[in-house]
Amino acid sequence: MKTILITGGAGFIGSHVTKRFVKKYPDYKIVNLDKLTYAGNLANLTDIEKNENYEFVRGDIVDVDFVQELFNKYRFDGVIHLAAESHVDRSILNPMDFIMTNIVGTVNLLNAAKIIWKDNPENKIFYHISTDEVYGSLGKEGFFTEETAYDPRSPYSASKASSDHIVRAYFHTYKIPVVISNCSNNYGANQFPEKLIPLCINNIKNNKPLPVYGKGENVRDWLWVEDHAAAIELIFHKGKVGETYNIGGNNEWKNIDLVLLLCKIMNKKLGRKEGESEKLITYVTDRAGHDLRYAIDSSKLQKNLGWKPSLQFEEGLEKTVDWYLENETWLINVTSGAYQKYYENLYDKR
Ligand code: NAD
Ligand code: TYD
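The following paragraphs examine the structure supplied in this document.

Conventions used here
- Residues numbered from 1 in each chain as written.
- Chains lettered and ligands numbered in written order.
- Predicted model: local features only at pLDDT ≥ 70, side-chain atom pairs only at ≥ 80, totals over all residues.
- Heavy atoms only, no water.
- Helix = DSSP H or I, 4+ residues; strand = E, 2+ residues; numbered from the N terminus.
- Rg over C-alpha atoms; globule rule 2.2 N^0.38 Å.
- Buried < 20%, exposed > 50% of the residue type's maximum accessible area, 1.4 Å probe, protein only.
- Contact = heavy atoms within 4.5 Å.
- Near = heavy atom within 4 Å.
- Areas by Shrake-Rupley, 256 points an atom, 1.4 Å probe, with all protein chains shown as cover.
- Pairing = 2+ DSSP bridges.
- Axes fitted to C-alpha atoms, helices over the stretch in contact; angles between N-to-C directions.
- Polar contact = N/O pair within 3.5 Å; in protein donor to acceptor, adjacent residues only side chain to side chain.
- Nonpolar A, V, L, I, M, F, W, Y, C, P; charged D, E, K, R; others polar.
- Patch = residues over 30% accessible without salt bridge, like charges linked within 9 Å, V, L, I, M, F, W, Y side chains within 5 Å.
- Salt bridge = Lys/Arg side-chain N within 4 Å of Asp/Glu carboxyl O.
- Core = buried A, V, L, I, M, F, W, Y, C linked by side-chain atoms within 4.5 Å.
- 1 Å grid on protein atoms, 1.4 Å probe; cavity = no way out; pocket = protein on both sides within 12 Å on 5 of 7 lines; lining within 4 Å.
- Points joined across faces, edges and corners; volume = space filled by probe spheres on them.
- Left-handed = near helix turned anticlockwise from the far one by under 90°.

### Let's talk about the overall build of the chain
And then number 1: Tallying secondary structure elements over the chain gives 12 helices and 13 strands in all.
And then number 2: Relative to its length of 350 residues, the chain is compact, with a C-alpha radius of gyration of 20 Å against a globular reference of 20 Å.
And then number 3: Each of the three principal axes of the chain carries a C-alpha extent, and together these read 65 × 45 × 40 Å.
And then number 4: For the chain, the residues scored as buried account for 56% of the 350 residues in total.
And then number 5: Considering only contacts within the chain whose residues lie at least 6 apart along the sequence, 83% involve residues at least 24 apart.

### Points about the site of ligand 2
And then number 1: Neighbouring ligand 2 are 17 residues; E133, P211, R220, R287 and H290 lie closest to it.
And then number 2: When isolated, ligand 2 has an accessible area of 510 Å², and the protein chains bury 98% of it.
And then number 3: Mapped onto the shell around ligand 2, the elements with two or more residues apiece are α6 (196–205) and β8 (210–213).
And then number 4: Here the shell around ligand 2 takes three residues from β8, the largest share from any one element.

### Points about the sheet that holds strand β5 (residues 125–131)
And then number 1: Taking strand neighbours across the sheet as the criterion, the seven strands line up as β3-β2-β1-β4-β5-β6-β11 in an open arrangement whose pairing is parallel. Edge positions in the sheet fall to β3 (54–58) and β11 (244–247), since each of these pairs with one other strand and no more. Adjacent strand axes in the sheet meet at a mean angle of 20° when their direction is disregarded.
And then number 2: Relative to strand β4 (residues 78–81), strand β1 (residues 2–7) is paired through four bridges, and the arrangement is parallel. Across the sheet, L5 pairs through a bridge with V79, a residue of β4.
And then number 3: Helix-sheet contacts for helix α5 (residues 155–174) involve β5, β6 (178–183) and β11, and the interaxial angle to β5 is about 155°.
And then number 4: Against the sheet, helix α7 (residues 225–238) touches β1, β2 (28–34), β4, β5, β6 and β11, its axis set at about 150° to β5.

### Regarding the side chain of T101
And then number 1: In this fold, T101 is placed in helix α4 (residues 95–116).
And then number 2: Every residue in contact with T101, bar those within four places of it in the chain, is listed here: I61, V62, A83, A84, E85 and T106.

### What to know about the site of ligand 1
And then number 1: Around ligand 1 there are 28 residues in total, and I13, D34, S86, Y156 and K160 lie nearest to it.
And then number 2: In this structure, a nitrogen atom belonging to ligand 1 sits 3.1 Å away from a side-chain N or O atom of T101.
And then number 3: At three residues, the largest contribution of residues to the shell around ligand 1 is made by β5.
And then number 4: In terms of residue class, the shell around ligand 1 is made up of 12 nonpolar, 12 polar and four charged.

### Description of a nonpolar patch on the surface
And then number 1: On the surface, a nonpolar cluster with roughly 250 Å² of combined accessible area is contributed by M96, I99 and M100.
And then number 2: Mapped onto the fold, M100 is located in helix α4.
And then number 3: The class for M100 is partly exposed, based on a relative accessible area of 33%.

### Regarding the nonpolar core
And then number 1: Grouped together as the largest cluster of nonpolar side chains are 33 residues, with contacts concentrated most on I80, Y127 and I247.
And then number 2: Elements supplying a minimum of two residues to this core: β1, α1 (12–24), β2, β5, β6, α7, β11 and α9 (299–305).
And then number 3: With six residues, α7 is the single largest residue contributor to this core.
And then number 4: Excluding residues within four positions of it along the chain, I80 makes contact with I4, L5, I6, T7, F21, Y127, I129, I232 and F236.

### Here we look at empty space enclosed by the protein
And then number 1: Tallying each qualifying case throughout the model produces two cavities of 30 Å³ or more.
And then number 2: Its boundaries defined by the atoms lining it, the second largest cavity holds a volume of some 60 Å³.
And then number 3: As for the second largest cavity, its lining consists of V88, E133, R153, S154, R220, R287, A288, G289, H290, D291 and Y294.
And then number 4: Split into classes, the residues belonging to the lining of the second largest cavity amount to three nonpolar, three polar and five charged.

### Quick notes on the side chain of K300
And then number 1: As for its position among the elements, K300 is in helix α9.
And then number 2: Polar side-chain contacts of K300 include one of 2.6 Å to the side chain of E243.
And then number 3: Those residues within four positions of K300 in sequence are excluded, and the remaining contacts are E146, E243, T244, Y245 and L305.

### Quick look at the packing of helix α2 (residues 64–74) against α4
And then number 1: Where α2 meets α4, the axes come as close as 9 Å, and the angle between the chain directions of the two elements is 35°. Crossing angle aside, the handedness with which α2 passes α4 is right-handed. On the side of α2, the interface is formed by V64, V67, Q68, F71 and N72, while α4 contributes N108, L109, N111, A112, A113, I115 and I116.
And then number 2: Residue composition of the contact of α2 with α4, by class: eight nonpolar, four polar and no charged.

This is how it looks when you write it as structure tokens:
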């Protein structure tokens, strides 16, 4: 029996990874450590909350003593580290939360793993989940490969880049067995509606403006969250220690084209006339330092480990819309008063 720590398991990607591991590996004990910030929601995990091989622990990865005690108690065989502050716009308003959780929190976990794995690092793995945003911004051509030089440009991406460097430093300096993956933008069920896709679904449903930053010409490479979770499962088991794997959907969309596609799908689902939701599109002041384009070359993961994305974007987006429409209570609960206040603050400060 292996004991695996998943951090950030109540968040968007973390909850899909946690459910996958708990259901597929009854011989693993899965401990989900999450602080339950605004982005963490135990309602994402109701499917598995009663499973015998699952345990939830509420706690903060920034709390050094708490983290060490947890590692001493459970003697984890593996760590899948997803806990993070993850929203670029929030990082522009308040970088310090990102520095603390994404950098200091990661160092605390590495230090705790270093202590318990000191005498027996064999068959242990510290898997750090990162983002393609560490590579910076592409022009119209080219892709990010594992060799692309880091060039982060937002407090969020700089904090993730910093944590990636520290994870690699612990591999080289202390021989901690690590693996890293850098993934493109995810979409799917359970994503907090501050990110582009669920925000637009929620606003279209409620006939509210769809804020498109700048001219809507920035490009993102979208991957279905279950395909990311499948890649994480594969890399956790088969990834080579010390290596990095890029994960991406080979699925580039200009923001405005994506919002138009969402409007089209939602018109159909809500029985609205063609062009009706599109009237909600509102161009707003651009994000400061807005990266123009992300696009991932995932050929290393495809060739070496045999992963490939399973869903076409149009199909995945339709499934996602269906999930949000069928889970109205979830959506209402996460878009409570505190969330509205955050939004007022964001637009006041621009
Ligand atoms: P999320 O914001 O939905 O969830 C983050 C989770 O971490 C939440 O449950 C939150 O409560 C928890 N958390 C935050 N601070 C914590 C702390 N100090 N201690 C313990 N728990 C804490 O994020 P997500 O979108 O699911 O992203 C998960 C990971 O994947 C992050 O590391 C992110 O950088 C990375 N990533 C995300 C994307 C994406 O498109 N969402 C793409 C590539 C990589
Ligand atoms: P987001 O979902 O925040 O992910 P990231 O910034 O990590 O890529 O944003 C995706 C793209 O959509 C990004 O180019 C910013 C843009 N965007 C908007 O135009 N309007 C919005 O309300 C949001 C949240 C994002």
